[in-house]
Amino acid sequence: MATTKADGAGPTSEERKRARTILRRLKKRYPEIHTALRYRDPWQLLVATVLSAQTTDEAVNQVTPELFERYPTPEDLANADPAEVERIVHRTGFFRQKASAIIRLSAELVERYGGEVPPDLDELVTLPGVGRKTASVVLAEAWGIPAVAVDTHVKRVSRRLGLTEHSDPDKIEEDLKALFPREEWAGLSMRFIQFGRDVCRARDPDCGRCELFDVCRWPGRLERA
Ligand code: SF4
């Protein structure tokens, strides 16, 4: 198991080498990788990412065209009728909380940043409904700013591969940042997320055909080979 920065020590050269192998193979599988969420600007991506909690990107893509047509700017959404926004985002689940969050975050963007999304993690996480994961997705995707977003897929894949032994997303983020070069962070999460959906699935990981089998540390893979 990796002993990494979150444990107070840096990774060994062996662990870095294994991380490089994992990244190289994932880049071969996914040479280009971007979010499946549709958006035109950082604000739309931020709103779409907030809406994507606990649902699929496809479900979000079904509601955002109407949402952004009805409310084309942060000012428009900040002044929206909550009931109307709830109706539009209904199919993404948790629609009351999500409608409230995207209205409030748009209002704060207007009030504090003149309607512009700040390209800064510490500032983004002060906005309503925006955690480190959402902020990291937006930074990496909209600007290519090095950031590691830890969602349920990144957590599962990282733990199975033995890149972290932590469960806390902040500590997993630290471990991954310590293991992988900064210039790779922006694409790392997206590749882990897609790999977690396609191969290293939660219930039925396809270990028998996995290109990371030999570098994986998950004991359960042997039963699925
Ligand atoms: S061998 Fe199995 S558990 Fe390990 S990374 Fe591949 S799919 Fe995931």
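Keep in mind it's a predicted model, so treat the numbers as computed, not measured. Along every chain, residues carry numbers that run from 1 in the direction the sequence is written. Given that this is a predicted model, residues contribute local features only at a pLDDT of at least 70 and side-chain atom pairs are listed and counted only at 80 or more, while totals for whole chains, interfaces and linings are drawn from all residues.

Caption draft 1: Region of the structure containing the overall build of the protein. Secondary structure elements follow DSSP: runs of H or I no shorter than four residues count as helices, runs of E no shorter than two count as strands, and numbering proceeds from the N terminus. For the protein, the helix and strand inventory stands at 11 helices and zero strands. Reading the secondary structure of the protein in the N-to-C direction produces α-α-α-α-α-α-α-α-α-α-α. Over its C-alpha atoms the protein spans a radius of gyration of 19 Å, differing by no more than 12% from the 17 Å that the globule rule assigns to 225 residues. Counting only C-alpha atoms and orienting by the principal axes, one finds that the protein spans roughly 55 × 35 × 30 Å. Our exposure labels follow a C-beta count within 10 Å of each residue's own C-beta, placed from the backbone: buried means 20 or more other C-beta atoms, exposed means 12 or fewer, and partly exposed covers the counts in between. Buried residues in the protein amount to 40% of all 225 residues. Atoms considered for the radius of gyration are the C-alpha atoms alone. The globule rule reads 2.2 Å times the number of residues to the power 0.38.

Caption draft 2: Summary view of the site of the ligand. As a matter of local geometry, the ligand sits amid 13 residues, with C200, P205, C207, C210 and C216 nearest to it. Here the shell around the ligand is composed, by residue class, of 10 nonpolar, no polar and three charged. Only the C-beta atom matters for this test: placed from the backbone, it must lie within 6 Å of a molecule or strand for the residue to be near it. Residue polarity is assigned by list, with Asp, Glu, Lys and Arg as charged and Ala, Val, Leu, Ile, Met, Phe, Trp, Tyr, Cys and Pro as nonpolar; anything else, Gly included, falls into the polar class.

Caption draft 3: How the structure looks around unusual backbone geometry. With phi around 60 degrees, Q54 is a residue other than glycine that occupies positive phi space. Residue classification places Q54 among the exposed residues on the basis of 11 C-beta atoms within 10 Å. The phi angle at F94 is positive, at roughly 45 degrees, despite the residue not being glycine. Secondary-structure assignment places F94 in the loop between α5 (82-89) and α6 (95-113).

Caption draft 4: Local environment of the packing of α5 against α6. Two elements in contact, α5 and α6, have axes separated by 9 Å at closest approach and are oriented at 120 degrees. In terms of their interaxial angle, α5 and α6 are classed as oblique. Remark: the crossing between α5 and α6 carries right-handed chirality. Between α5 and α6, the contacting residues are P82, V85, E86 and V89 on the first element and F95, R96, K98, A99, S100, I102 and I103 on the second. Looking at the contact of α5 with α6 residue by residue, the class counts come to seven nonpolar, one polar and three charged. Here, axes are lines fitted to C-alpha atoms. For helices the fit covers the stretch in contact, and angles between N-to-C directions go from 0 to 180 degrees. Roughly parallel covers angles under 35 degrees, roughly antiparallel covers those over 145, roughly perpendicular covers 65 to 115, and oblique covers all other angles. Each crossing gets its handedness from the near helix: less than a right angle anticlockwise from the far helix is left-handed, clockwise is right-handed. By the convention adopted here, residues are in contact when the distance between their C-beta atoms, placed from the backbone, does not exceed 7 Å.

Caption draft 5: Spatial organisation of the nonpolar core. Of all hydrophobic cores here, the largest spans 61 residues; its most connected members are V50, I102 and V138. Inspection of this core shows a minimum of three residues originating in each of domain 1 (5-32 + 147-219) and domain 2 (42-130). Residue contacts for V50: discarding those within four places in its chain leaves K98, A101, I102, L105, G129, V130 and T134. What makes a nonpolar core is a set of buried Ala, Val, Leu, Ile, Met, Phe, Trp, Tyr and Cys residues, with links drawn between C-beta atoms within 7 Å. Each domain's extent was defined by an automatic or database domain assignment.

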